[in-house]
Amino acid sequence: MRTKKGAVFLLLLLVCMTVTGCNFKDIDRRIFVVAIGIDPGKVEGTFKVSLKLAIPQGDVTKIDEKMQILTEESESISEALRRMKSKVEKELDYVHCKSLILGEQIAAKDIRHVTDWAVRRRDIQLILNFAVGRPGALEVLQVKPPSERIPSNSLILAMSGQGTESPFISSVYSYQLMRSIYENGIDPILPIIEAQGEEQFLIDKIALLDKKKIKLVLTPDETRLFNLLSRSNLRTNFPAHLGGGMYQYYTESSSSSYRIVTQQEDNPYIRYNIKIRAILEENSTEDMVTHHMLKEIGESGAAELSKAVTALLIKIRDSGMDPMGWGLHYGARHWNNDTEMAVWESLYPRLKFQVKADVDVKYSGMIK
Amino acid sequence: MSGQLHKQGVTLEWIRGQLSGFGDLEDKIMAVPSGEVSLLYIKSVTDGQTISRNVVAPFYEMGDPAAYYSYIADYPGSEEVTEGTRALDLLLSGYACIGQAGRLCFFDALKAEVSGVKETITESISQGPSDALGESLAVNLNLIRRRYQSSSLKMEFTIIGNVSKTKVAILYDESRVNHNVLAELKEKLDSLKLDVLQAAGELEKYISSDKLRIFPKTIVTERPDRVVFNLAEGKVAVMLDTTGYAIVLPSIFNDFFTAMDDKIHLPFVGRFLKLLRILGVAMTLWLPALYIAFTSYNPEIVRVQIALLIGGSRATVPYPSFVEVILMMIMMEFLTEASLRLPRAIGPTATTVGGLILGQAATAAGLIGNIMIILVSVVAISNFLIPLNMMSFSIRVLKYFFVVAAAVLGLVGVVICLVGFTMYLCSQRSFGQPYFKLFFLDTLGTTLRKKSGGE
């Protein structure tokens, strides 16, 4: 009886062993794609797809980044990827592919094809960060910062915001991009990555898109203000001028909120409230900083900030795009479902902005 | 004889009633023509030589019960007692009771087996008692009785083995034990047909009903304090002559992860240590399986850094990951087994040669990945966190199930295996008690209060 049971068990085990193989592939038989770049091909209507591959290092103690870039042109992205399989001896594995760089020429024309592909790929749809590469995606992929140990790691860290806390970078996931393309009342944005030579890249601008292509590129200063409005606790510094001296304060915590006020039909406006708790970081004068002065610095900083923010908001309004999702916000709070977006369309160009900044400089930063 | 005893007063009768079921109770009548004297003592806690020299011999030399009684009562350390509970306490702590004409005198004949008691080997703890059960049943009973001085602790003796005639003692606290468990145990012991019984583990095997079981259902321990602790929880202990281990039953899964010094530590430290142990079990069970799952099926779960690291360290490895894992694990088992059999002096050498040199050489030769070496050592070390050997061995075997499941189905296999074993554990019973319940006593607090308040 007992031996019979054991035999059955053993047989089951053996049968199970034969099932092996359909999905079993050792890690050393896979090659990891860490970034995808998509540029327009030579022929009109084709894509030039570039893959950045991370090659595992045999000796971990040596800092020796090995990477390989594959390029293939085709009118379909999936076709290009399938063809590239024949160029390497191992299986291409996309599970660690966290960044997709769109060439600027594609972004200037139409991003919807690529976005559609990216959200359909089941293995990367939830992890992919999007960015625009300048001058092209391939150039950005070729950048190899000296601080990097794993290929493309710096790109991934910068784009996802896990590494640097730069106030100039916003991270955009593929599904977020997709949503803002197809949702009424919100327009997509994309960070721009500029390749500067072989060893450096710069991410400090945001491109505003009108569902399809780039319409407006914000300057680094505007990008920072944009990030201040779109997320909380932005770590940055802002200037404040007081009596001929220049002060810089560091934002320890920041928050912003807005309200769309449309009670008066002829005078709709958006009221922005920005609250910042700050620490004084820099002082160009030799003056002693007193508690009273901190208050004054805060007031003057708030005035400057609200002026700059108002200018940015007017610039965005005049471009006709809605990267903050004000339209969505408006639609969500009104019941006239058939007409609300049309009303919003007519309201939007007439919108005015009231920005109330509140800067509280808590501490002079000096050792007492 | 009974008439004589009755005349000696209610107290002695009452004591007999209290101590009924004590297999090691010695109840004697010493008689000379001029009268007789009752002698009552518990063998396991008293010294037989002291009694024969200082209690029995003088009686026959003097030949006069009354004079003898006053001789005993005047003996240093002796005590005349009229109160029942005090009498029981003295008897249990190693006094012999001499009764003459209704009077009771207690003679100090305590046997403390100090010299013969060895230190614990397999269940060492950092603080707390280090006495281990010895190989003589008398010594062991003495160790238990000294730690559990209650009249409700009963001992019953039986003999198992047609050839070996092994003396087996069943210990239990009458007021706390679950009598169904006791009955089931006795029934099983009675139905045993054996020639030779030599070890506690062997007996454990015979009294467990399930033949193809993976987890131990009864604790096999060498610590008298663990036995006492479990007796107080209402469990039954079975002790064998000629073996240094006792069996405690019924036992639940959680019991195997309790070390005896958990109670000594500060609350947070104790809990932290327990958490460490559970974490250790998780590591030793799952790490090899997860390694296979991550390297061969689901590399997306780990970070890209680790994925590349594993990929790099496996670049030279010729065989698939599960072959690598099973190879190294078997090697590690060889080492563990080998160092167990080796004499103490050579043991460390074997570990050094095997662990360090072999591992280093294997990676240098490119036969296994660097990560694998780390993994194997973590698995080996965390396995030893389990305080009881039986469970430690079970877990050691169990991890191969996970390895096979991972090799066949990847991460899904590990999860299926885990669910399967959880279900198996839940279905298990140890002498009718649910095996996987968290605490043996549902009302742990009340029991402790009862204990400290005194019954």
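Reading the values: the criteria
- Residues numbered from 1 in each chain as written.
- Chains lettered and ligands numbered in written order.
- Predicted model: local features only at pLDDT ≥ 70, side-chain atom pairs only at ≥ 80, totals over all residues.
- Heavy atoms only, no water.
- UniProt positions renumbered as here; feature names shortened; annotations may be inferred.
- 1 Å grid on protein atoms, 1.4 Å probe; cavity = no way out; pocket = protein on both sides within 12 Å on 5 of 7 lines; lining within 4 Å.
- Points joined across faces, edges and corners; volume = space filled by probe spheres on them.
- Helix = DSSP H or I, 4+ residues; strand = E, 2+ residues; numbered from the N terminus.
- Nonpolar A, V, L, I, M, F, W, Y, C, P; charged D, E, K, R; others polar.
- Buried < 20%, exposed > 50% of the residue type's maximum accessible area, 1.4 Å probe, protein only.
- Contact = heavy atoms within 4.5 Å.
- Buried area = accessible area lost by both parts, 1.4 Å probe.
- Salt bridge = Lys/Arg side-chain N within 4 Å of Asp/Glu carboxyl O.
- Pairing = 2+ DSSP bridges.
- Axes fitted to C-alpha atoms, helices over the stretch in contact; angles between N-to-C directions.
- Parallel < 35°, antiparallel > 145°, perpendicular 65-115°, else oblique.
- Left-handed = near helix turned anticlockwise from the far one by under 90°.
- Domains from an automatic or database assignment.
- Polar contact = N/O pair within 3.5 Å; in protein donor to acceptor, adjacent residues only side chain to side chain.

With an unreviewed UniProt entry as reference, chain B is termed Spore germination protein, source organism Paenibacillus phytohabitans.

Under an unreviewed UniProt entry, chain A has the name Ger(X)C family spore germination protein and belongs to Paenibacillus phytohabitans. In its Subcellular location (unreviewed entry) section, the UniProt entry covering chain A states "Membrane". The heading Sequence similarities (unreviewed entry) in the UniProt record of chain A holds the text "Belongs to the GerABKC lipoprotein family."

Engineer: Report on empty space enclosed by the protein, specifying residues and quantitative values.
Structural biologist: Residues and elements named next belong to chain A. For the structure shown, the criterion picks out one cavity of 30 Å³ or more. Of the volumes computed, that of the largest cavity is approximately 30 Å³. Along the walls of the largest cavity sit Lys52, Val140, Leu141, Val143, Pro145, Glu148, Ser152, Ser154, Leu155 and Phe201, which together make up its complete lining. Counting only elements with at least two residues in the lining of the largest cavity, the list comes to α5 (137-142) and α6 (153-160). For the lining of the largest cavity, a count of residues per class yields six nonpolar, two polar and two charged.

Engineer: Let's hear about the environment of Ala87 of chain B: which residues, and what values?
Structural biologist: All names here are of chain B. Within the element layout of this structure, Ala87 appears in helix α5 (residues 84-92). A residue is classified by how much of its surface remains accessible, and Ala87, at 1% relative accessible area, is buried. Ala87 sits 75 residues away from Leu12 along the chain, and the two C-alpha atoms are 9.3 Å apart. With residues near it in sequence (within four places) discarded, Ala87 still touches Ile15, Val81 and Phe106.

Engineer: So what's going on with the UniProt feature "transmembrane region" (unreviewed entry) in chain B? Residues and values would help.
Structural biologist: Residue and element names in this part refer to chain B. This chain's UniProt record puts "transmembrane region" (unreviewed entry) on residues 275-294, 306-330, 367-388 and 400-425. Counting secondary structure, residues 306-330 comes out at 72% helix and 0% strand; the distance between its end C-alpha atoms is 25 Å. What you have in residues 400-425 is 96% helix and 0% strand, and the ends, taken at the C-alpha atoms, are 17 Å apart.

Engineer: Hey, could you go over the interface of chain A and chain B for me, with residue numbers and the actual values?
Structural biologist: Between chain A and chain B, the residue contacts involve 27 residues of the former and 30 residues of the latter. Contact between chain A and chain B buries roughly 2,400 Å² in total, counting both sides, with carbon and sulfur atoms accounting for 69%. Contact with chain B buries area across many residues of chain A, yet Phe24, Ile27 and His96 of chain A alone supply 25% of it, more than any other trio. Taken together, the links from chain A to chain B amount to two salt bridges.

Engineer: Could you give me a rundown of the pattern of salt bridges, with the residues and numbers involved?
Structural biologist: Residue and element names in this part refer to chain A. Scanning all chains against the criterion turns up 43 salt bridges over all chains. Here Arg112 makes a salt bridge to Asp110, at a shortest N to O gap of 3.3 Å. Overall, the relative accessible area of 34% leaves Arg112 in the partly exposed class. Residue Asp110 is classed as partly exposed on the basis of its relative accessible area of 27%. Each of Glu104, Arg134, Glu194, Asp204 and Lys205 takes part in a single network of salt bridges with overlapping partners.

Engineer: Tell me about the pairing of strand β10 (residues 246-249) of chain B, and name the residues and values.
Structural biologist: All names here are of chain B. Side chains of β10 alternate between two faces, with Ala246 and Val248 and Ile247 and Leu249 buried alike. Relative to β10, strand β9 (residues 236-240) runs antiparallel, the two being bridged by four bridges. Following the sheet pairing, Met239 is matched in β10 by Ala246.

Engineer: So what about the environment of Leu39 of chain B? Which residues, and what values?
Structural biologist: Residues and elements named next belong to chain B. Examined against the element boundaries, Leu39 turns out to sit in strand β2 (residues 35-42). The spacing of Leu39 and Leu367 is 328 residues in sequence and 75 Å in space, taken between C-alpha atoms. Filtering out sequence-adjacent residues up to four positions away, Leu39 remains in contact with Glu26, Asp27, Lys28, Met30, Ile51, Val55, Val56, Ala96, Cys97 and Ile98.

Engineer: Would you mind going over the sheet that holds β10 of chain B in detail, with residue names and values included?
Structural biologist: Residues and elements named next belong to chain B. Spatially, β6-β7-β9-β10-β8 is the arrangement adopted by the five strands of the open sheet, whose pairing is antiparallel. Because the sheet does not close on itself, it has two edges, and the strands there are β6 (153-160) and β8 (219-221). Averaged over neighbouring strand pairs, the angle between their axes works out to 25° when direction is ignored. Sheet topology places strand β7 (residues 166-173) next to β9; five bridges connect them, and they run antiparallel. When the bridges of β9 are listed, Val168 appears paired with Leu240. Contacts from helix α8 (residues 200-207) reach β6, β8, β9 and β10 within the one sheet, and its direction differs from that of β10 by about 35°. Sheet contacts for helix α9 (residues 224-232): β6, β7, β8, β9 and β10; angle to β8, the most-contacted strand, approximately 145°.

Engineer: Break down the sheet that holds strand β11 (residues 237-242) of chain A for me, with residues and values.
Structural biologist: Residue and element names in this part refer to chain A. With mixed pairing, the four strands of this open sheet are ordered in space as β11-β12-β13-β14. Each edge of the open sheet is held by one strand with a lone partner, namely β11 and β14 (352-363). If you compare each strand with its neighbour and ignore which way they point, the axes differ by 40° on average. Bridge count for β11 against strand β12 (residues 245-261) is six bridges, and the pairing is antiparallel. Across the sheet, His241 pairs through a bridge with Met246, a residue of β12. Packing against the sheet, helix α9 (residues 291-319) makes contact with β11, β12, β13 (269-283) and β14, and its axis sits at approximately 150° to β14.

Engineer: Go over the UniProt feature "domain: Spore germination GerAC-like C-terminal" (unreviewed entry) in chain A, please, and point to the residues and values.
Structural biologist: Look at the UniProt record and you will see "domain: Spore germination GerAC-like C-terminal" (unreviewed entry) annotated at residues 205-365 of chain A. Measuring from the first to the last C-alpha atom of residues 205-365 of chain A gives 30 Å, for a span that is 34% helix and 37% strand.

Engineer: Talk me through the packing of helix α10 (residues 267-296) of chain B against helix α15 (residues 389-409) of chain B; I want residue IDs and the actual numbers.
Structural biologist: All names here are of chain B. Here α10 crosses α15 at 25°, and the two axes come no closer than 8 Å. In terms of orientation, α10 lies roughly parallel with respect to α15. In terms of crossing hand, the pair formed by α10 and α15 is right-handed. Contact residues: Val281, Thr284, Leu285, Trp286, Pro288, Ala289, Ile292 and Ala293 in α10; Ile395, Leu398, Lys399, Phe402, Val403, Ala406 and Ala407 in α15. For the contact of α10 with α15, the per-class residue count stands at 13 nonpolar, one polar and one charged.

Engineer: Can you lay out the domain arrangement of chain A for me, pointing to particular residues and giving the numbers?
Structural biologist: All names here are of chain A. Assigned domains within chain A: domain 1 (27-217) and domain 2 (221-368). Put simply, the middle of domain 1 and the middle of domain 2, counted by C-alpha atoms, are 32 Å apart. Counting residues at the interface gives 21 residues for domain 1 and 20 residues for domain 2. Both sides of the domain 1 and domain 2 interface together cover about 1,600 Å² of buried area, and 63% of this is carbon and sulfur. Our count for the domain 1 to domain 2 interface comes out at zero salt bridges. Linking domain 1 with domain 2 are eight residue pairs in polar contact (both at pLDDT 80 or more), by the criterion used here. The set of elements that each furnish at least two residues to the side of domain 1 that touches domain 2 consists of β9 (200-209) and β10 (214-217). Here the side of domain 1 that touches domain 2 takes five residues from β9, the largest share from any one element. Across the side of domain 1 that touches domain 2, the residue classes break down as 10 nonpolar, four polar and seven charged.

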